[in-house]
Amino acid sequence: MGKSASFYETIDQIITHGVQKDILHLYNEEHSFSGNYMVLHGKRVVNFGSCSYLGLEFDERLKDGAKEAIDRYGTQFSASRAYVSLKLYQDLEEAFLQIFGQPIVIVPTTTLGHLSNLPVLVQDEDAIIMDHQLHNSVQSAVTPLKARGVYTELVRHNRIDQVEDKVKELRSKYRKIWFMADGVYSMFGDNCPVDDLYALMDRYPELHAYLDDAHGMSVHGKHGRGFVLRDRVMHPKLIMATSLAKAFATGGAVMVYPDTDQMQKVRNCGAPLLSSGPMQPAVLGAALACARIHLTDEIYSLQADLHERIRFTNLMLKKYKLPAVSQPEGAVFFVGVSLPKLAYNMVARMLDCGFYVNLGIFPTVPMKQAGVRFTITRLHSFAQIEEMIAIMARELPKAMKEEGITLAEIYKAFKMQMPEEAELDKSVDTMLAQSLSLSLSHYRAIAEVDRAEWDAMMTDRGTFDWAGMHTLETSFTHNDLAANNWIFDYVIVRDQTGKPVVGSFLTTGLWKDDMLSPAAVSRHVETLRQKDPYYLTSTVTAVGSLLTEGEHLFVDKTSPYWKEALLMFIEKAYAVQEQHKAGNVVIRDFHSIDQELDTLMVDNGFVRIAMPETSIVADLSWEGKDGYYNSLSQRSRQHYREDVRKHESKFDVTVVTEYPGDAVIDQWYGLYQHVKTHSLELNTFDLPKKWFARIFDNPDWEVLTLSLKPGFGEDDRPVCMVINYKGGNIYSPMVIGLDYTHNKDYKIYRQALYQLVLRAKDLGKKKVCLGFAAATEKRKVGAEPVQAYAYIHSRDTFNMEVLASLKENTVLYARQS
């Protein structure tokens, strides 16, 4: 399964969870309504989720305009606008020319407008910089440009200084640099720093702006032209899109241009304008009626009524001390609650109390910045606004207690300063420990951990039993290179009897950002790392390590407290992440999706991602080589005959269990580096050479070598070596080295895989874990692919999304560099 599929699975799970809680995919149960009430789940509730901020959807003039248009033109006019349009279109265009004072194009939706604009306006020689919270409709329109090779990158939300830094970095490589943002952001309700952006466009000739002002239209400015153009003239390097489906209260969208040439090019070439259907008569009639209101002074009275309510809402949020993430000038508000589980809880509570509010959750906001989103319209009374906010303030502490989240954690998630008068609650792990008698122990070295207890948790899971961890610690500390120095932390949560419920180890170190990217991407990035070895790298705190594989996280699901214990473990992982200033926490590997655990992880701010498939030979019940041969599939038997048995007699196979001397270690390390350079499917830093020697301090490690017999190779030096761990019932090959000179002639890699299976059988093991990558080759020796998963949480939630952008651009960026 690809990473994108796993991403959409996560979104599907989040939305499904909301549907199951009866707070998403709802239907208004009334046959008709007016005002700001709806009926949901049989209950009359006040609607604080409408984006029709001026309440014009019930205006008789708009309704009459729609009815008259139907009477004159029917319910539909079905023709591409490239051929012919209703006269209503021409009338509406003339009205919007007066509203904006600039060339415009009218389209059925903002999404279709973006899809019309961007492929035409952005050239292959251009670059795109996107604000982290840019609306999804714009980002979706950018996606086809990536396939053309257009460079795209995310910057942190509203960090105009980072935009300038990127412009300086990219201006010598690209014809134009487009910065894309929202005028008013649809979730947090804050605004783009348009004045600062105008100043940057004046300073840098290459910089152009593309702004979506959907939530600013009608609410701000002369003739309701929006936030971006509220008190500004149109910048000659600005393209603006705005929606007619929010405060304008009809449907459709308007694209605004600085000159006629760009407008006409989009009108002639924009794909949706050539082949998609037009706005239909009813919508055009209502829009024309609304535009005429905007061209009178009445619009300013409507705006004033709304802005009184916006100011009142900001005052009420302060009065009731709710963690609002911004102080909007517009009608969108966001009360932060941090984790998704608390957002679900609060939206359900508000609905039960008679108020419909929106769920603000990933992917519309970062995973750990979930919240309650609500909107204010001109139809809300001041009493309704205060009552809703007061009830939210009453319910939030109850929900926080249920979900084990403190006010301090909420403010920290949004990087907001905690109010001085607020009382700090106890931390989650302290509350859980007191109520359930769970205890958490944190160790800095494996020597501090009881060996029998650790092995009881970790034996047969991989190479990380007590002795295996000792080898890792001695190998990945006190090295010259930063990438080969890891920080080790061990965390065990025990119940009141002292029995472990959850436990694992964490390593903090440098990871390559392209580790899971396609090999072609990593190959280009490695050329850049010749100048800067740590280019595109991040500090990561991971359950497990870059040299271990398997189900690292021990969870005793027979314990009634396993979920609470896992939450304590996660809280400690967060603390370790903060202490070591790591960007991400990664918990890996899981060889199947446990639905309960999966829900808990996503509710607590983790995103599930698919790792490369791992390969496991699970059946070693056969006897002898003939038994092994008969256990293979028909296709694998053919490979065995042609590629393995045919050449088996040409190899000497040796098992090395004692330190062979420095010269041999040097040979092995050279073979390892051949493979490391050749295969970038899982791109990590080179292992320190001392690990190849340290393994012999532990009798559970051994090295299997293959040498060609005289007459087949140049000498008796190994052409392949595999370092294996044989603890418990599992045989785990961890590192392979290969001389590719004769691989094509003698199928050395396939021979090595075969010999590893035979060795595991000779040792009486129950299965062979052949590891990540090369799944097709491993299937030929009887291995079955197992999809592995991991969960990732970012301390700076921006990192997860910017990483995807970095991966998409590394090939192009490397070429340009």
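Parameters and conventions
Residues numbered from 1 in each chain as written. Predicted model: local features only at pLDDT ≥ 70, side-chain atom pairs only at ≥ 80, totals over all residues. Heavy atoms only, no water. Helix = DSSP H or I, 4+ residues; strand = E, 2+ residues; numbered from the N terminus. Rg over C-alpha atoms; globule rule 2.2 N^0.38 Å. Buried < 20%, exposed > 50% of the residue type's maximum accessible area, 1.4 Å probe, protein only. Contact = heavy atoms within 4.5 Å. Areas by Shrake-Rupley, 256 points an atom, 1.4 Å probe, with all protein chains shown as cover. Lys, Arg positive; Asp, Glu negative; His and termini not counted. Charge placed at Lys NZ, Arg CZ, Asp CG, Glu CD. Polar contact = N/O pair within 3.5 Å; in protein donor to acceptor, adjacent residues only side chain to side chain. Phe/Tyr/Trp six-rings, centres within 6.5 Å; stacked < 30°, edge-to-face > 60°. Pairing = 2+ DSSP bridges. Axes fitted to C-alpha atoms, helices over the stretch in contact; angles between N-to-C directions. pLDDT = per-residue confidence, 0-100. 1 Å grid on protein atoms, 1.4 Å probe; cavity = no way out; pocket = protein on both sides within 12 Å on 5 of 7 lines; lining within 4 Å. Points joined across faces, edges and corners; volume = space filled by probe spheres on them. Nonpolar A, V, L, I, M, F, W, Y, C, P; charged D, E, K, R; others polar.

1. Section: the overall build of the protein chain
And then number 1: Within the protein chain, the regular secondary structure consists of 28 helices and 28 strands.
And then number 2: Compactness check: the protein chain gives a C-alpha radius of gyration of 31 Å against a globular reference of 28 Å for 817 residues, within 12% of the reference.
And then number 3: Taken over the C-alpha atoms alone, the protein chain extends approximately 95 × 60 × 50 Å along its principal axes.
And then number 4: A burial count over the protein chain gives 59% of its 817 residues as buried.
And then number 5: Long-range contacts, defined as pairs at least 24 residues apart, comprise 76% of the intrachain contacts of the protein chain with a sequence gap of at least 6.
And then number 6: For the protein chain, the accessible surface area stands at approximately 33,000 Å², while carbon and sulfur atoms represent 50% of it.
And then number 7: In the protein chain, which carries 89 positive and 103 negative side-chain charges, the distance between the mean positions of the two groups comes to 2 Å.

2. Digging into the side chain of S441
And then number 1: Here S441 is to be found in strand β14 (residues 439-443).
And then number 2: Using a relative accessible area of 18% as the deciding quantity, one classes S441 as buried.
And then number 3: Within the local environment of S441, its side chain forms a polar contact with the side chain of R494, the two groups lying 2.7 Å apart.
And then number 4: Apart from residues lying up to four places away in sequence, S441 is in contact with Y490, V491, I492 and R494.

3. Quick notes on the packing of aromatic side chains
And then number 1: Counting across every chain of the model gives 33 aromatic pairs.
And then number 2: For the ring pair F590 and Y791, a centre distance of 5.3 Å and an interplane angle of 80° mean the geometry is edge-to-face. In this pair, F590 sits in strand β19 (residues 584-590) while Y791 sits in strand β28 (residues 789-794), placing the two residues 201 residues apart along the sequence.
And then number 3: Its relative accessible area of 2% is what places Y791 among the buried residues.
And then number 4: Ring geometry for Y628 and Y640: centres 6.0 Å apart, planes at 75°, overall edge-to-face. You can see Y628 sitting in helix α21 (residues 624-631) and its partner Y640 sitting in helix α22 (residues 634-645), a full 12 residues away along the chain.
And then number 5: Here Y640 falls in the buried class, since its relative accessible area comes to 5%.
And then number 6: By the ring-pair criterion, three or more aromatic residues cluster together here, those being Y669, Y672, W691, F692, W701 and Y725.

4. A word on the sheet that holds strand β6 (residues 177-182)
And then number 1: Strands sit in the order β3-β9-β8-β7-β6-β4-β5 across an open sheet of 7 strands; the sheet is mixed. What marks the edges here is a single partner per strand, and that holds for β3 (104-107) and β5 (151-155). When the angles between neighbouring strand axes are averaged without regard to direction, this sheet yields 20°.
And then number 2: Sheet analysis places β6 next to strand β7 (residues 207-212), joined by 6 bridges and oriented parallel. Of the residues in β7, the one forming a bridge with M180 is Y210.

5. Quick look at the sheet that holds strand β22 (residues 651-656)
And then number 1: The sheet built from 7 strands is open, its strands ordered β22-β23-β24-β25-β26-β21-β27 with mixed pairing. Strands with a single pairing partner mark the edges of an open sheet, and in this sheet they are β22 and β27 (784-786). Each neighbouring strand pair of the sheet contributes to a mean axis angle of 30°, computed without reference to strand direction.
And then number 2: As defined by bridge partners, strand β24 (residues 718-725) adjoins strand β25 (residues 730-738) across 6 bridges and the pair is classed as antiparallel. In the strand pairing of β25, V722 is matched with I736.
And then number 3: Against the sheet, helix α23 (residues 662-678) engages β22, β23 (701-708), β24 and β25, with an angle of about 85° to β25.

6. What about the confidence of the model for the protein chain?
And then number 1: Summing up the model confidence of the protein chain, the mean pLDDT is 90 and the portion of residues at 70 or higher is 94%.
And then number 2: In the predicted structure, residues 422-432 sits below a pLDDT of 50 and forms 21 contacts with residues beyond four places in sequence or in another chain.

7. Some details on the environment of W466
And then number 1: Mapped onto the elements, W466 comes out in helix α17 (residues 466-475).
And then number 2: In contact with W466, other than residues within four places in its own chain, are I446, A447, V449, D450, R451, W454 and D455.
And then number 3: At 3.0 Å, the side chain of W466 forms a polar contact with the backbone oxygen of I446.
And then number 4: In this structure the side chain of W466 is engaged in a polar contact, spanning 3.1 Å, whose partner is the backbone oxygen of V449.

8. Here we look at the layout of surface pockets
And then number 1: Taken as a whole, the second largest pocket holds about 1,200 Å³ of empty space.
And then number 2: Taken together, 45 residues line the second largest pocket, and the ones lying closest to its centre are V675, S679, I736, F772 and A773.
And then number 3: Among the elements of the structure, α23, β25, α25 (743-746), α26 (748-762), β26 (767-772) and α27 (775-779) are those that each provide at least two residues to the lining of the second largest pocket.
And then number 4: Its residues assigned to classes, the lining of the second largest pocket comprises 27 nonpolar, 8 polar and 10 charged.

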